[in-house]
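Inside the fold
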Amino acid sequence: MSDVVDRSDPAGRAWVDRAVATVEADARRSADTHLLAYPLPPEWGIDLYLKDESTHPTGSLKHRLARSLFLYGLCSGQISEGSTVVEASSGSTAVSEAYFARMLGLPFVAVMPRSTSREKVALIEFHGGVCHFVDRASDMYDEARRLAAECGGHYLDQFTYAERATDWRGNNNIAESIFEQLSAERHPVPEWVVVGAGTGGTSATIGRYLRYRRHRTRLAVVDPENSAFFPGYEAGEPDRTTGTPSRIEGIGRPRVEPSFVPTIVDRMIRVPDAASLAAVRHLETTTGRRAGGSTGTNLWGAFSLVAEMLAAGRSGSVVTLLCDGGERYAHTYYSDAWVAAQGLDLAPHAATLRRFAETGRWEEAA
Ligand SMILES: *Cc1c(COP(=O)(O)O)cnc(C)c1O
């Protein structure tokens, strides 16, 4: 007699098959996001592109992450019929995950700080999710794990799994899409790709893809005030913490998240919060588009790199992301009263941006 433990479950597998097919069908109905050309003077010989992630069905680049985390959980046997799906998220990730949970008929609980904006809470509830509040942001992770264990559900854990849930070799990930969309441009291989880090998943996917496809493109990560990523990178200390939340939603974390892969980041640039907001307002002036604060951080970094290339007499291209639209931030980043109440002065940074647009020179306020 041999020892056998058989846990096969044909009905459970059939449910997972249908769930995977449902998520794949949603992807097939969705178009790729645009790679917008940002208007720089053509005589500079440098092209800047914005990958517009606001056009996903749930309005941000977190749509990609949510799809990947659900597929990863389903294909790892961690999400099954009736599983309650739990996440620690103060925003966009939970919005996108609530969308996928509803699509699969699964209950979804977002664990978030009590300070989360009304608009975000309303969006999660709109997609059928339940919001569960904690008083201290740092308690989110343990509370999400506890809730999932209590109900036999699954904690998606974006901050741990973002870097591995996405297929970095290709499969239409964000990096492959960018390179495909650049293929008919005059500079199809960019000098730089510039992104922020929240989970770190997007920078991990892009950095790995660049090496795998053997592109010479370098990866710059921009980081806001109060974030642990920049000091952790500078000091080579992955357990660095600041304990202070970021004002730029989606990026900058009080701890270096496990999904942040510093070994593939070529440069990190710390960006003042007032500069991020000045840049996102500058975007509206130059293109008529409103975006979230992290897009401003991206643009500030991208502009400074364009100026550096100009000063060095180099031509080429730079790519960054429009992470989400501005409609979620009408009462914050686009409100002069909110900006003043935060003690932020955008004027010197707006002047840096105007000077850059006119001359191509980068002169930051002291
Ligand atoms: C999550 C997020 C980012 C950063 O992406 P990661 O892949 O998590 O590092 C940037 N901007 C916004 C608006 C986000 O929600």
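Further up the page is the structure itself.
Residues numbered from 1 in each chain as written. Predicted model: local features only at pLDDT ≥ 70, side-chain atom pairs only at ≥ 80, totals over all residues. Heavy atoms only, no water.

1. A word on the overall build of the protein
Which entries qualify depends on this criterion: Every helix listed is a DSSP run of H or I at least four residues long, and every strand listed is a run of E at least two residues long, numbered separately from the N terminus. We compute the radius of gyration from the C-alpha atoms alone; for a globule the expected value is 2.2 Å times N to the 0.38, where N is the number of residues. Categorising residues by exposure relies on relative accessible area from a 1.4 Å probe, with only protein chains included: less than 20% of the type maximum marks a residue as buried, more than 50% marks it as exposed, and the intermediate range marks it as partly exposed. Any pair of residues with heavy atoms lying within 4.5 Å of one another is described as a contacting pair. The Shrake-Rupley method, run with a 1.4 Å probe sphere, supplies the accessible areas, and residue values consider only the shown protein chains as cover. Only four residue types enter the charge count: Lys and Arg as positive, Asp and Glu as negative, with His and the chain ends excluded. For this purpose, a charge sits on NZ of Lys, CZ of Arg, CG of Asp or CD of Glu.
Per the secondary structure count, the protein includes 13 helices and 10 strands. For 366 residues, the compact-globule formula gives about 21 Å, and the C-alpha radius of gyration of the protein, at 21 Å, lands near that figure. Projecting the C-alpha coordinates of the protein onto the three principal axes gives extents of approximately 80 × 45 × 40 Å. A total of 366 residues make up the protein; the buried ones form 54% of that total. Taking the contacts inside the protein whose residues are at least 6 apart along the sequence as the reference set, 74% of them involve residues at least 24 apart. For the protein, the exposed area adds up to about 16,300 Å²; of that, 48% sits on carbon and sulfur atoms. Of the charged side chains in the protein, 39 are positive and 46 negative; the average position of the first set lies 2 Å away from that of the second.

2. Structural notes on the side chain of H187
Tracing the backbone shows H187 in the loop between α7 (174-182) and β7 (192-196). Since its relative accessible area comes to 18%, H187 is described here as buried. Sequence-distant contacts of H187, defined by excluding residues within four places in its chain, comprise G45, D47, S315, G316 and S317.

3. So, the packing of helix α11 (residues 293-311) against helix α13 (residues 347-359)
Short version of the rule: Interaxial angle, 0 to 180 degrees, is taken between N-to-C directions of lines fitted to C-alpha atoms, where a helix line uses only the stretch in contact. Relative orientations are named as follows: roughly parallel for angles under 35 degrees, roughly antiparallel for angles over 145 degrees, roughly perpendicular for angles from 65 to 115 degrees, and oblique for any other angle. Crossing chirality is assigned from the near helix's rotation relative to the far helix, an anticlockwise turn below a right angle marking it left-handed and a clockwise turn marking it right-handed. Each residue gets one label: Ala, Val, Leu, Ile, Met, Phe, Trp, Tyr, Cys and Pro are nonpolar, Asp, Glu, Lys and Arg are charged, and the others, such as Gly, are polar.
Running from N to C, α11 and α13 cross one another at 40°; their axes reach a closest spacing of 11 Å. Taken together, the axis directions place α11 and α13 in an arrangement best described as oblique. In this structure, α11 crosses over α13, and the sense of that crossing is left-handed. For the pair α11 and α13, contact is made by W300, F303, V306 and A307 and by H349, T352, L353 and F356, respectively. In the contact of α11 with α13, the residues fall into six nonpolar, two polar and no charged.

4. Description of the pattern of salt bridges
Pairs may arise between side chains of opposite charge once their charged atoms sit close together. For clarity, the cut-off: Each reported salt bridge corresponds to a side-chain nitrogen of Lys or Arg within 4 Å of a carboxyl oxygen of Asp or Glu.
The tally for this structure, following the rule as stated, stands at 29 salt bridges. Here D32 and K51 are joined by a salt bridge, their closest N and O atoms 3.3 Å apart. Separated by 19 residues along the polypeptide, D32 in the loop between α1 (10-29) and β1 (35-38) and K51 in strand β2 (residues 46-52) bring together distant segments of the chain. The class of D32 is partly exposed, set by a relative accessible area of 37%. A network of salt bridges, in which partner residues are shared, links D32, K51, E53 and R64.

5. Here's the deal with helix α6 (residues 158-165)
Across the eight residues that make up α6, a large majority, six, are buried. Of all the residues in α6, the buried ones are Q158, F159, T160, A162, E163 and A165. Buried residues along α6 sit against α2 (62-75), β3 (85-88), α3 (92-104), α5 (140-150) and α8 (201-212).

Bear in mind that shape data such as this cannot, by itself, settle questions of function.
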